[in-house]
Amino acid sequence: MWNLARFAASKLSRSRRYSSAIPGPCIVHKRGADILHDPWFNKDTGFPLTERDRLGLRGLLPPRVISFEQQYDRFMNSYRSLEKNTQGQSDKFVSLAKWRILNRLHDRNETLYYRVLIDNIQEFAPVIYTPTVGLVCQNYSGLFRRPRGMYFSAKDKGEMMSMIYNWPAHQVDMIVLTDGSRILGLGDLGVQGIGIPIGKLDMYVAAAGINPQRILPVMLDVGTNNQKLLDDHLGLRQPRLEGEEYLSIVDEFMEAVHARWPKAIVQFEDFQMKWAFETLQRYRKRFCMFNDDIQGTAGVALAGVLGTVRAQGRPLSDFMKQKIVVVGAGSHFLPFCFGLICSAGLGVLNMAVQAVARMMGCSETAAKSQFFLIDKDGLVTNERSNLDPAAAPFAKSPRDIEGLSEGASIIEVVKKIKPHVLLGLSGVGGIFNEEVLKAMRESVSTKPAIFAMSNPTMNAECSAADAFKHAGENIVFASGSPFKNVDLGNGKVGHVNQANNMYLFPGIGLGALLSGARLITDGMLQAASECLASYMTEEEVLQGILYPSIDSIRNVTVEVGAAVLREAIAEGLAEGHGDVGIKELSLMSKEDTVDYIRHNMWYPVYCPLVHEK
Ligand SMILES: NC(=O)c1ccc[n+]([C@@H]2O[C@H](COP(=O)([O-])OP(=O)(O)OC[C@H]3O[C@@H](n4cnc5c(N)ncnc54)[C@H](O)[C@@H]3O)[C@@H](O)[C@H]2O)c1
Ligand SMILES: O=C(O)C[C@H](O)C(=O)O
Ligand SMILES: [Mg+2]
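Residues numbered from 1 in each chain as written. Chains lettered and ligands numbered in written order. Predicted model: local features only at pLDDT ≥ 70, side-chain atom pairs only at ≥ 80, totals over all residues. Heavy atoms only, no water.

A.B. asks: Describe in detail the sheet that holds strand β11 (residues 449-452), supporting the description with residues and values.
C.D. replies: With mixed pairing, the seven strands of this open sheet are ordered in space as β9-β8-β7-β10-β11-β12-β15. Only two strands of the sheet have a single neighbouring strand rather than two, namely β9 (378-379) and β15 (496-498). Where strand β7 (residues 324-327) lies against strand β8 (residues 371-375), four bridges are found, and the strand directions are parallel. Across the sheet, residue isoleucine 324 finds its bridge partner in β8, namely phenylalanine 371. Packing of helix α18 (residues 410-417) onto the sheet brings it into contact with β7, β8, β9 and β10 (421-424), and relative to β8 it is tilted by some 170°. (Pairing = 2+ DSSP bridges. Helix = DSSP H or I, 4+ residues; strand = E, 2+ residues; numbered from the N terminus. Contact = heavy atoms within 4.5 Å. Axes fitted to C-alpha atoms, helices over the stretch in contact; angles between N-to-C directions.)

Here it is in structure tokens:
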């Protein structure tokens, strides 16, 4: 339950400190060249001489031992040289070149890779995650050198229970699964969508300190309806499975995973909406799983929208007075209606209404008139001919919105409603055009908010520069993909927030893992969102800074993870993790939970290798 008193009272620790405890020795069952070819154990030129002797490496490496710090500097120098040498090339060329150099390090030496990633997360997140990951997926066949993760296809039906044992790691904690059917705003990319689970799990390691030996990116290849790919790609050359055939593949995968690793958490990612909803309803009461695009995104969006209320210098209770126009009847606001079964593209308005009612303790009717939903056919009203009966109560009645009719365009709605918030999750680039943005100048808010949340960059509803240029300098702006802050002249800067689910999913997974929760509940997701919403100080929010900088994502994740863990304990779902049982978890103070999370986060340092047969 959202609790305003708790929200107001929470003064979260903003410490940037995180665990860097040096791990003990690592047992390695390999020797010699096999170790050099294993990115988990490989230290390249960093193996000390004693270790070279112990592990049969003498003579297999140049004689000089290079320290970790020197290796780090060498990598960063080559990265900087690449930046210099690619100046003047196209953005696509430069982005892929940067991705390649990081990917080569990832393939060779994971410890060094994750250290440079953690230390330079602001700079590297856009390379290994959104937006470059979209480009990587589009070009996957050409970029493919080595496999990463697992691929289960429709042809593997009946084999998955044994296939899962082909994965070499004994323990897996975190799985990100996609079927490639809706990769960012790029549509159906089939097997090429594997880049998304890889990028998400890199964020799990960097932000949540999940041990990279215990992560597993998975592609469920059930075919593709992308005609271009069918001619030339590395996946199945068949149309997507549908209906029961499709579900039986996902069922078999989920059973197989949990047979081998009963406590593994599965994050569903970039499934087309109909399957996103269906699988969430199907598995959430049986497995520890969540859908990031539905649940993570909604939590992030809600935290941001609450921030816009504070940014106007208003109390949170004014949330119910905010007029919010959502463009894209996507899946994202589902958590506003926790517990309801929603069909694709329907019911967003009422979900938001329910959230207001829950937070403010007001009636749904009182809040209902403040939310407007637009999909590809325009404003959703009860006059729509093909309106799902389940959605009818949530659609606007044209009689209540004088001057607006069924299917009204974005510009018509914005001009008429003058919303506080214009939020896009449509996947349609540039849909907040000059006219729409200029109309936002007439917003009733003192700080009109524009959230262009679609990814990647080309699919953003508008750019940051256009938003500040056309909608005015006093707006609050957030985008799903990163944009640079905007120079407004006279020393003024238009702050760009990144409203991306990366601020929540690592903490949701980490909190669930370290609590040993059996399920991921609405309450745990609400706790995550509430924690993010209260992370920013009043001063920051008044400057239009709604989300933390990516530089502090590890700290944000600690706080979110601790909030999720405490909620799991409160709901009686925690079963403990490793040596820490439920009794110990229950006795922890709030600070203890934060410390517990922090100290269980993996941090990349070379550990002494000990050979065992
Ligand atoms: N920032 C984030 O954290 C985040 C999280 C999840 C998804 N997204 C982005 O959201 C976008 C959409 O994802 P989705 O899963 O909802 O996709 P989707 O295709 O299922 O839904 C898109 C919705 O937009 C509507 N739409 C399409 N064209 C429109 C138009 N011209 N005008 C108004 N509405 C229109 C459709 O009716 C549909 O309801 C993607 O670009 C994705 O990358 C961002
Ligand atoms: O992947 C992202 O950057 C966010 C989100 O999950 C999306 O699908 O766009
Ligand atoms: Mg996604």
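On we go from here.
A.B. asks: Describe the packing of helix α4 (residues 68-85) against helix α6 (residues 110-119), listing the residues and the values that go with them.
C.D. replies: Following both chains from N to C, one finds α4 and α6 inclined at 65°, their axes separated by 11 Å at the closest point. The angle between the axes of α4 and α6 places the two elements in the roughly perpendicular class. With respect to the hand of their crossing, α4 and α6 are arranged in right-handed fashion. Here Phe68, Gln71, Tyr72, Phe75 and Met76 of α4 lie close against α6, whose contacting residues are Thr111, Leu112, Arg115, Val116 and Asp119. A breakdown of the residues in the contact of α4 with α6 according to their chemical character gives six nonpolar, two polar and two charged. (Parallel < 35°, antiparallel > 145°, perpendicular 65-115°, else oblique. Left-handed = near helix turned anticlockwise from the far one by under 90°. Nonpolar A, V, L, I, M, F, W, Y, C, P; charged D, E, K, R; others polar.)

A.B. asks: Which residues make up the site of ligand 2, and what values do they have?
C.D. replies: In the region of ligand 2, the neighbouring residues are Tyr129, Thr130, Arg182, Leu184, Lys200, Glu269, Asp270, Asp292, Asp293, Asn455, Asn500 and Asn501. Residue tyrosine 129 places a side-chain N or O atom 3.4 Å away from an oxygen atom belonging to ligand 2. Residue arginine 182 places a side-chain N or O atom 3.0 Å away from an oxygen atom belonging to ligand 2. A per-class count over the shell around ligand 2 returns two nonpolar, four polar and six charged. Counting contributing residues per domain, the shell around ligand 2 is built from domain 1 (67-271) and domain 2 (295-502), each supplying no fewer than three. (Near = heavy atom within 4 Å. Polar contact = N/O pair within 3.5 Å; in protein donor to acceptor, adjacent residues only side chain to side chain. Domains from an automatic or database assignment.)

A.B. asks: So what's going on with the UniProt feature "active site" (unreviewed entry) in the protein? Residues and values would help.
C.D. replies: Sequence positions flagged by UniProt for "active site" (unreviewed entry) are, in local numbering, Tyr129 and Lys200. Taken along the chain, the residues just named run across 72 residues; in space they keep tight, none of their C-alpha pairs more than 6.9 Å apart. Mapped onto the fold, tyrosine 129 is located in the loop between α7 (121-128) and α8 (132-138). Accessibility expressed as a relative area gives 2% for tyrosine 129, which makes it buried. Among the secondary structure elements, lysine 200 is positioned in helix α11 (residues 195-208). You can call lysine 200 buried: its relative accessible area is 6%. Apart from residues lying up to four places away in sequence, lysine 200 is in contact with Tyr129, Val176, Gln267, Glu269, Asp292, Asn501 and Phe505. (UniProt positions renumbered as here; feature names shortened; annotations may be inferred. Buried < 20%, exposed > 50% of the residue type's maximum accessible area, 1.4 Å probe, protein only.)

A.B. asks: Explain the coordination of the magnesium ion (ligand 3) to me, using residue names and the numbers behind them.
C.D. replies: On the protein side, the magnesium ion (ligand 3) has Glu269 (OE), Asp270 (OD) and Asp293 (OD) as donor atoms, found 2.0 to 2.1 Å from it. Within one chain, the residues serving as donors to the magnesium ion (ligand 3) are arranged as E-D-x22-D. Among the residues examined, glutamate 269 registers a relative accessible area of 0% and is labelled buried. (Donors = N, O, S within 2.8 Å, 3.2 Å for Na, K, Ca; no water.)

A.B. asks: Can you explain the pairing of β7? Please cite residues and give values.
C.D. replies: By the alternation rule, side chains of β7 split into Ile324 and Val326 and Val325 and Val327, which are all buried. Bridge analysis of β7 against β10 gives four bridges, and the strand direction is parallel. The residue bridging valine 326 from the neighbouring strand is leucine 423, located in β10.

A.B. asks: Can you tell me about the packing of aromatic side chains, naming the residues and giving the values?
C.D. replies: For any pair of aromatic rings, the description consists of the separation of the ring centres together with the inter-plane angle of the planes. Counted by the stated rule, this structure contains 18 aromatic pairs. Ring centres of phenylalanine 68 and tyrosine 606 lie 4.8 Å apart, and the angle between their planes is 75°; this geometry places the pair in the edge-to-face category. Residue phenylalanine 68 is found in helix α4, and its partner tyrosine 606 is found in the loop between α26 (590-599) and β16 (609-611); the two are separated by 538 residues along the sequence. Each member of the pair, phenylalanine 68 together with tyrosine 606, is buried. Through successive ring pairs, a cluster of aromatic residues spans Trp40, Tyr113, Tyr114 and Trp602. The cationic tip of lysine 396 hangs over the ring face of phenylalanine 372; the distance from NZ or CZ to the ring centre is 4.5 Å. (Phe/Tyr/Trp six-rings, centres within 6.5 Å; stacked < 30°, edge-to-face > 60°. Lys NZ or Arg CZ within 6 Å of the ring centre and 35° of its normal.)

A.B. asks: Break down the side chain of threonine 111 for me, with residues and values.
C.D. replies: Among the secondary structure elements, threonine 111 is positioned in helix α6. Once residues lying within four places of it in the same chain are set aside, the contact partners of threonine 111 are Pro39, Trp40, Phe68, Pro604, Val605 and Tyr606.

A.B. asks: An account of the domain arrangement of the protein is requested, with residue identities and associated values reported.
C.D. replies: Looking at the protein, the domain boundaries give domain 1 (67-271), domain 2 (295-502) and domain 3 (504-540 + 550-599). Across the contact, 10 residues belong to domain 1 and 10 residues belong to domain 2. Taking both sides of the interface into account, the surface hidden between domain 1 and domain 2 amounts to around 730 Å²; carbon and sulfur atoms contribute 63%. Across the domain 1-domain 2 interface, the total number found is zero salt bridges. Applying the counting criterion to the domain 1 and domain 2 interface returns five residue pairs in polar contact (both at pLDDT 80 or more). (Buried area = accessible area lost by both parts, 1.4 Å probe. Salt bridge = Lys/Arg side-chain N within 4 Å of Asp/Glu carboxyl O.)

A.B. asks: Can you explain the environment of leucine 230? Please cite residues and give values.
C.D. replies: Tracing the backbone through its elements, the reader meets leucine 230 in helix α12 (residues 227-231). The exposure class of leucine 230 is buried, given its relative accessible area of 14%. Spatially, the C-alpha atoms of leucine 230 and isoleucine 175 are 27 Å apart, while their sequence positions differ by 55 residues. The contacts of leucine 230, once residues within four sequence positions are left out, are Thr224, Leu236, Arg237 and Gln238.

A.B. asks: An account of unusual backbone geometry is requested, with residue identities and associated values reported.
C.D. replies: Following threonine 130, the chain continues to proline 131 via a peptide bond in cis, the omega torsion being 10°. Along the chain, asparagine 455 connects to proline 456 via a cis peptide bond; the corresponding omega equals -10°. The backbone of asparagine 490 shows a phi angle near 50°, a positive value even though the residue is not glycine. If you trace the backbone, asparagine 490 turns up in the loop between β13 (486-489) and β14 (492-494).

A.B. asks: Help me get a handle on the pattern of salt bridges, residues and values and all.
C.D. replies: Side chains carrying opposite charge are able to pair once their charged atoms draw close together. For the structure shown, the criterion picks out 32 salt bridges. Put simply, glutamate 123 and arginine 80 hold a salt bridge, and the shortest N to O gap is 2.7 Å. Here glutamate 123 is found in helix α7, whereas its partner arginine 80 is found in helix α4, with 43 residues between them in sequence. The exposure class assigned to glutamate 123 is partly exposed, which follows from its relative accessible area of 28%. For arginine 80, a relative accessible area of 34% puts it in the partly exposed group. With a shortest N-O distance of 3.9 Å, arginine 384 and aspartate 377 are connected by a salt bridge. For arginine 384, a relative accessible area of 12% translates into the label buried. Within this structure, Asp375, Lys376, Asp377, Arg384 and Glu406 form a network of salt bridges that share partners.

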